[in-house]
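Close look at the chain arrangement
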Amino acid sequence: MADSEMKRGLAQVMYRFGPESLFDYGRRGLSMKVSRWETDKIDSLDANYVAEQIATHASSFRNDDEDPWVDLTVDDVDFRRPNRVVGSLYPLTMYCQNRSCHRVVSKKEPSHFVYTNGECPECGGELRQLAFVLVHDCGNMMSINPQPCSNPDHGYDHIYLNKQNINDPLSWYFYCGECGDFCGNMSKRCTKCNKERVYFRPIASNSVYYSQGDVLVNLPIDQRYSGEIEYGESWARILMAAHLGDLDDVVEEEGKTYEELGRMTTDERDAKRREKQIEELKEKVGAEQVEKMIESGVDLGDVFDVAEDTIKGSTREEVVEENRERVEVPSQRGGDSDVDQAYSTLSHELFTYLRSTQGYEGNLDATDGMERQPTPLSLDGLLEQDDFLESNPEAEVYPEKLQKVNIASAWVVDNLPLLNYTFGFTRDRPERSRTDLQPFPHPRGEDSTPVYVDQTPSEAIVLQVDRSAIIEWLDEKGTMRGVERPDTDDESDLKEWFLENVDTNELRDHYSPIEDDLTREVYTLLHSMSHALMRTASGQCGLDSNSISEYVMPSIPAIFLYASSTEHFSLGGMHTLFKTRIHPWVDETIADVQQCVYDPVCEHEDGACHACLHMSEVACEGANGNLDRRYLVGGDRGRIPAFWESEYV
């Protein structure tokens, strides 16, 4: 078959045309296997965080203790963007579709079929691919081939397919047309793990290939400094300090970005200070005199005093130490060996929230490749625009409406960078714990594990939930017992409380139960709010419900609702909702969540089902776990207070 091309969008390629997947080539009526991807290397992403997310995903599969998944780090991963997919004919068994013939032709290579000209060697009828393959949960996929006749004189020369019961492929088998010898059926033992016999699957079956990947908000680190930032605790504490307002003066007066703070060490600061002092001294007494003083070893300390404050003093070590004395994350107290994971998750959560609600704090004109920074517009800022209020007078009620659902602040964010990534595949069954995760073959044959990514801009609505309302609700629910209450009139104290009491390590695997009571209660409350708002947002913004996704940030606490479009442009639906439809959106959400068609069963059981709070798997970040409508409207005979009752607004 001659080479031929077909055009597909990158998003479709990521989901449906992964390496080792099968697809229909409709123009030729054939099935193909993706044999390789041609790619470009990608550097402009937060590689450390993405690698940690992949390691977390991999830990839920059966072979998590095997290479390349065990101890996976960013050094083991190669990020690439696909630009061309190459496929080849598969499976490689064909039979004559002439009902009176059914002669079988099986080849080892796709090119060998060229010599058949697509015709049966027996009767000249048209050859058709056998539309089944064998797949196993170890990741193996096999073509269903006949075995040779036991008579060496016959071999493969006279193989036919018996499909007498055409509706029952399980009864089909191969046989030798010369002697009638049995030559195999529609199953065989797995050739990779040799553990068990596997049976056929239709090529179009979902169980043939499960792409493993995810979508996350991935803000770009300023590449000028990314190689010098000390990640882990240091980076997390700088961002915690920024979130708590401890760096406001540094950012505003010293003009430093978070990345600059993440790299500036005390030694570097002192070196710059000394360099500045020497330059000032040269202006005062002359360069030649200063050089002589330096060469002779003269103590220049006294004369340097005049320039003591010309280099501002905040450094990475100073910020980290001050924050370390102020905030103790939960995994520190519990002696959690995964405290580094907690810092990583916090870093991503805080960096995403800060940049998405405050914008890039540095000078964009002075940067290179920072066009992917998000552009936020706050509701307060929108309501200060006279022309907007003149054309949208109903917007005056937006703050009141949002207060009804305990949302304290809101932003609409343009140019939100999403990262769609895929890191492997499974076969045979969807359960992670019962399948082996397979890595993709490297497109260049290197030892690293390829991860394929697609970066797309999107738009989002960011909702910061009222922190004091959550504290009051937790207290009434009885979850605060033994936990010190923060000052609910002090926003800084409230922010610190959530950082110190929400254990992000409990949330890294959404397939495992949350053991910590406070973390579970806060996450379930926010997750339920998110789903209630997502279900009604679709009708207001015009996006399909499966095209709106969520990112819940319990440590803030905040909710991101973003358009999960992967078409490399934003549709404006979230902007329309934010600017013109907040009032019906909130009213409809409150009304919609009050009851479920399966009440009273739903409200007396889990408080969430497919009819009231569940969303599709592509929209929900938590596999529809940790949802409870009663958290919002109250229930369980008064034991669960309503978060959306007027008492707290």
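Let me sum up the structure you'll find in this document.

The rules behind each value
Residues numbered from 1 in each chain as written. Predicted model: local features only at pLDDT ≥ 70, side-chain atom pairs only at ≥ 80, totals over all residues. Heavy atoms only, no water. Phe/Tyr/Trp six-rings, centres within 6.5 Å; stacked < 30°, edge-to-face > 60°. Helix = DSSP H or I, 4+ residues; strand = E, 2+ residues; numbered from the N terminus. Buried < 20%, exposed > 50% of the residue type's maximum accessible area, 1.4 Å probe, protein only. Lys NZ or Arg CZ within 6 Å of the ring centre and 35° of its normal. Pairing = 2+ DSSP bridges. Axes fitted to C-alpha atoms, helices over the stretch in contact; angles between N-to-C directions. Arc of directions from axis to C-beta. Contact = heavy atoms within 4.5 Å. Salt bridge = Lys/Arg side-chain N within 4 Å of Asp/Glu carboxyl O. Patch = residues over 30% accessible without salt bridge, like charges linked within 9 Å, V, L, I, M, F, W, Y side chains within 5 Å. Areas by Shrake-Rupley, 256 points an atom, 1.4 Å probe, with all protein chains shown as cover. Lys, Arg positive; Asp, Glu negative; His and termini not counted. Charge placed at Lys NZ, Arg CZ, Asp CG, Glu CD. Parallel < 35°, antiparallel > 145°, perpendicular 65-115°, else oblique. Nonpolar A, V, L, I, M, F, W, Y, C, P; charged D, E, K, R; others polar. Core = buried A, V, L, I, M, F, W, Y, C linked by side-chain atoms within 4.5 Å. Polar contact = N/O pair within 3.5 Å; in protein donor to acceptor, adjacent residues only side chain to side chain. Disulfide = S-S within 2.5 Å.

Here's the deal with the packing of aromatic side chains
- Per the stated rule, a full pass over the model turns up 20 aromatic pairs.
- Pairing Tyr231 with Trp235 gives two aromatic rings, centres 6.4 Å apart and planes at 80 degrees, and the pair type is edge-to-face.
- On the numbers, 6.1 Å between centres and 75 degrees between planes, the contact of Trp473 with Phe643 is edge-to-face. With Trp473 in helix 15 (residues 467-477) and Phe643 in the segment after helix 21 (630-633), this pair connects stretches of sequence that are 170 residues apart.
- By relative accessible area, which is 0% here, Trp473 ends up buried.
- Grouped by ring-pair contacts, the aromatic residues Trp37, Tyr209, Phe425, Phe440 and Tyr452 constitute a single cluster.
- The ring of Tyr90 has Lys33 sitting right over it, with the charged end atom 4.6 Å from the ring centre.
- Looking at Arg103, its charged tip hangs above the ring of Tyr160, at a distance of 5.8 Å from the centre.

Focus: the sheet that holds strand 13 (residues 197-202)
- Strand order in the open sheet made by the 4 strands is 8-7-13-12, with antiparallel pairing throughout. Strands at the two margins of the open sheet, each flanked by one partner only, are strand 8 (141-143) and strand 12 (187-189). This sheet shows a mean twist of 40 degrees between the axes of neighbouring strands, independent of strand direction.
- Both strand 7 (residues 132-135) and strand 8 contribute to a ladder of 3 bridges, which runs antiparallel. Across the sheet, residue Leu134 finds its bridge partner in strand 8, namely Met142.

Points about the pairing of strand 19 (residues 558-563)
- Summarising burial for strand 19: 6 of the 6 residues are buried, a large majority.
- A two-sided burial pattern is seen for strand 19, the buried positions comprising Ala558, Phe560 and Tyr562 on one face and Ile559, Leu561 and Ala563 on the other.
- In this sheet, strand 19 lies alongside strand 17 (residues 449-465) in antiparallel orientation, the contact comprising 5 bridges. Each bridged residue has a counterpart across the sheet, and for Val462 the counterpart in strand 19 is Phe560.
- As paired elements, strand 18 (residues 548-553) and strand 19 share 6 bridges and run antiparallel to each other. Its bridge partner being in strand 19, Ile548 is matched across the sheet by Ala563.
- Hairpin geometry of strand 18 and strand 19 is characterised by an intervening segment of 4 residues between the two adjacent antiparallel strands.

A few points about helix 9 (residues 316-326)
- Buried within helix 9 we find Arg316, Val319, Val320 and Asn323. In a view along the axis of helix 9, the buried residues occupy a sector of 95 degrees, so they form one face of it. Of the exposed residues in helix 9, the ones pointing more than 90 degrees away from its buried face are Glu322 and Glu325.
- As for helix 9, its buried residues are in contact with helix 3 (233-243) and helix 5 (258-263).

Let's talk about the pattern of salt bridges
- Evaluated as defined, the whole model comprises 28 salt bridges.
- Among the ionic pairs, Glu431 bridges to Arg434, the shortest N-O distance being 3.9 Å.
- Taken together, the shared-partner salt bridges connect Arg62, Asp137, Arg201, Asp428, Arg429 and Asp436 into one network.

So, a negative patch on the surface
- Residues Asp64, Asp65, Glu66, Asp67, Asp71, Asp75 and Asp76 make up a contiguous surface patch of negative charge.
- Residue classification places Asp64 among the partly exposed positions, given a relative accessible area of 30%.

Comments concerning the packing of helix 17 (residues 517-541) against helix 18 (residues 573-580)
- At a minimum axis distance of 9 Å, the contact between helix 17 and helix 18 shows a crossing angle of 95 degrees. Judged by the inter-axis angle, helix 17 sits roughly perpendicular to helix 18. Residue-level contacts link Ala537, Gln540 and Cys541 of helix 17 to Gly573, Met574 and Leu577 of helix 18.
- Of the residues belonging to the contact of helix 17 with helix 18, the class tally is 4 nonpolar, 2 polar and no charged.

Details of the nonpolar core
- Judged by nonpolar contacts, the single largest core of 64 residues is most densely connected at Leu379, Leu561 and Phe643.
- For this core, the element with the most residues is helix 17, which contributes 11 residues.
- Look past the residues within four positions of Leu379 in its chain and what remains in contact with it is Tyr398, Pro399, Leu402, Ala410, Phe578 and Ile582.
- Formed by 41 residues, the second largest nonpolar core is a distinct cluster that contains Trp235, Val319, Val327 and Val329.

Here's the deal with the side chain of Asn406
- As for its position among the elements, Asn406 is in the loop between helix 14 (398-404) and strand 16 (407-426).
- One polar contact links the side chain of Asn406 to the main-chain carbonyl oxygen of Phe643, over a distance of 2.7 Å.

Considering the pairing of strand 2 (residues 30-41)
- Sheet topology places strand 1 (residues 22-25) next to strand 2; 4 bridges connect them, and they run antiparallel. Bridged to Phe23 within strand 2 is Met32.
- Direction of pairing for strand 2 relative to strand 3 (residues 77-89): antiparallel, over a ladder of 9 bridges. Residue pairing for strand 3: Lys33 is matched across the bridge by Ser88.

Here's the deal with the sheet that holds strand 11 (residues 182-185)
- Judged by pairing direction, the sheet is antiparallel, and its 3 strands sit side by side in the order 9-10-11 without closing on themselves. Strands with a single pairing partner mark the edges of an open sheet, and in this sheet they are strand 9 (159-162) and strand 11. The sheet shows a mean angle of 25 degrees between the axes of neighbouring strands, taken without regard to direction.

A word on unusual backbone geometry
- Geometrically, the link from Asp67 to Pro68 is a cis peptide bond, its omega value of 0 degrees lying close to zero.
- As for its placement among the helices and strands, Pro68 is situated in the loop between helix 2 (47-58) and strand 3.
- Cis peptide bonds are those with omega within 30 degrees of zero, and the linkage from Asp599 to Pro600 qualifies with 5 degrees.
- For Pro600, the location among the structural elements is in the loop between helix 19 (582-593) and helix 20 (601-604).
- Backbone geometry at Glu20 places phi at a positive 75 degrees, although glycine is not the residue there.

So, the state of the cysteines
- Summed over all chains, the structure comprises 0 disulfides.
- The thiol of Cys541 is not disulfide-bonded; the next cysteine sulfur, from Cys620, is found 18 Å away.
- Taking relative accessible area as the criterion, Cys541 reaches 11% and is therefore assigned buried.
- The thiol sulfur of Cys620 is not disulfide-bonded, and the nearest other cysteine sulfur, from Cys612, lies at 13 Å.
- Taking relative accessible area as the criterion, Cys620 reaches 8% and is therefore assigned buried.

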